[in-house]
Amino acid sequence: MTAQATAPGQAAGAAAPAKDPVAVDPALQAAVGGSWRTPEFVQRDRYRNPAQTLAFFGLKPDQTVIEITPGGGWYSEILAPYLRGQGRYVAAVVDPQAVPEGRGRDYQAGARKQLQDKFAAAPAQYDKAAIVAYSPSAPVFGPPGSADLVLTFRNVHNWRMSGQAEDMFKGFHDVLKPGGVLGVVEHRASADVPADDRSGYVGQAQVIAMAEAAGFRLAGSSEVNANVRDTKDHPNGVWTLPPTNRHDAEDADRYQAIGESDRMTLKFVKP
C-alpha cells in the first residue's frame, strides 16, 4: 500500500495516512450490502465508508470485536452478521445503574433497551451478539486480554467533555490482547481544542496523545472518512451538519452540500 506524506489534521511524527483503498473481504462487503440493514443507515454509507473503514482496522471474521456505545446499532448491523459464524461481536453499553438517577439514567436505559430489542427481533443476524454493560467511571469491557479489536465511532468528544476519556482508553488497553487493535473514528478539529470545548470536534494529535498515554502505539491513519468541505466553524458545532442538522431551515442546502463531518480514522496497536 502506498501512502501520502501529509493530510488534514495529521499530527507531527504520525504515521502517514493511507491513500490507496484497502482490500475488502467479500464477506464483509456482503454484510455491508445486507438486505437486513436499515435503509436510513445505508444512506449514510457514503459518509461513513464502512467496508473501507473496517478493512483498514484489520477486521477478520474470526475475531472477538467489542464496539463501544454502538447507539442505534449502525455498525452492529454489519459487524454482528459478519462475525456470527466464526467470531464474536460484543456491544459495550453504559450501565444505566452506574449513572445518577434522572434524565441521564433514563437515556442510557432507553438506548440499551433499543439495542436489546433490535437484536431480539432478528435472530438470523444477532442471535450470537452479546451486550456488556460498563460503568463510565471505571470501565471494564470484558476479561483482560480477551478482545482482538475494539472499535469506537465518534465517541471521544463525549468522553472528553465528561472527563472520562483517559479511563476509557485505559479500559480499551486492558481488554485487548497483546497485538490487539483499537480503531478510532472521530470528528476532526483543525487543531487542538480546549478541555471545555463543546463543538464535538477533537484535535487528531489530542486523540493520539490519549491513546499513547494509555499504552497504545499508533499503527496508521486513513483519510477514508475525510471531508475537505467541512469548515468546522459551524454555529452548533458538528451537530449543525447532517445527520443532526441543527440549523435554520433556510440553511439546509448549505449544510447538505457540506455533508457529514471531517473525520480522523486512526489505528492503534497494543504492544
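First, a word on what this report is: a plain description of the structure on this page.

Rules of the game
- Residues numbered from 1 in each chain as written.
- Predicted model: local features only at pLDDT ≥ 70, side-chain atom pairs only at ≥ 80, totals over all residues.
- Heavy atoms only, no water.
- Phe/Tyr/Trp six-rings, centres within 6.5 Å; stacked < 30°, edge-to-face > 60°.
- Helix = DSSP H or I, 4+ residues; strand = E, 2+ residues; numbered from the N terminus.
- Buried < 20%, exposed > 50% of the residue type's maximum accessible area, 1.4 Å probe, protein only.
- Lys NZ or Arg CZ within 6 Å of the ring centre and 35° of its normal.
- Contact = heavy atoms within 4.5 Å.
- Core = buried A, V, L, I, M, F, W, Y, C linked by side-chain atoms within 4.5 Å.

1. Some words on the packing of aromatic side chains
Evaluation of the coordinates by the stated rule reveals 11 aromatic pairs. When the centroid spacing of 6.4 Å and the interplanar angle of 55 degrees are considered together, the rings of Phe216 and Phe268 count as tilted. One end of the pair, Phe216, is in the loop between helix H10 (204-213) and strand S7 (217-222); the other, Phe268, is in strand S8 (residues 263-269), with 52 residues separating them in the sequence. One exposure class covers both Phe216 and Phe268, and it is buried. Within the aromatic cluster, the residues linked to one another by ring pairs are Tyr134, Phe141, Trp159, Phe169 and Phe172. Taking the ring centre of Trp74 as reference, the NZ or CZ of Arg48 above it sits at 4.6 Å.

2. Some words on the side chain of Lys118
Tracing the backbone through its elements, the reader meets Lys118 in helix H6 (residues 103-121). Excluding residues that lie within four positions of it along the chain, Lys118 makes contacts with Thr38, Phe41, Gly72, Gly73, Glu77 and Tyr126.

3. Quick look at the side chain of Asp262
Mapped onto the secondary structure, Asp262 falls in the loop between helix H11 (252-258) and S8. For Asp262, the contacting residues outside a window of four places in its chain are Glu186, His187, Arg188, Asn225, Ala226, Asn227, Asp230 and Lys232.

4. Here's the deal with the nonpolar core
Counting 32 residues, the largest nonpolar core has Leu54, Leu59, Leu79 and Leu151 as its most contacted members. At the level of secondary structure, the elements contributing two or more residues to this core comprise helix H1 (26-32), helix H4 (50-56), helix H5 (76-83), strand S3 (88-94), H6, strand S5 (147-153) and strand S6 (176-187). It is H5 that provides the largest number of residues to this core, a total of 5 residues. Filtering out sequence-adjacent residues up to four positions away, Leu79 remains in contact with Leu54, Leu59, Glu67, Tyr89 and Leu151. Of all hydrophobic cores here, the second largest spans 31 residues; its members include Ile66, Trp159, Val184 and Leu218.

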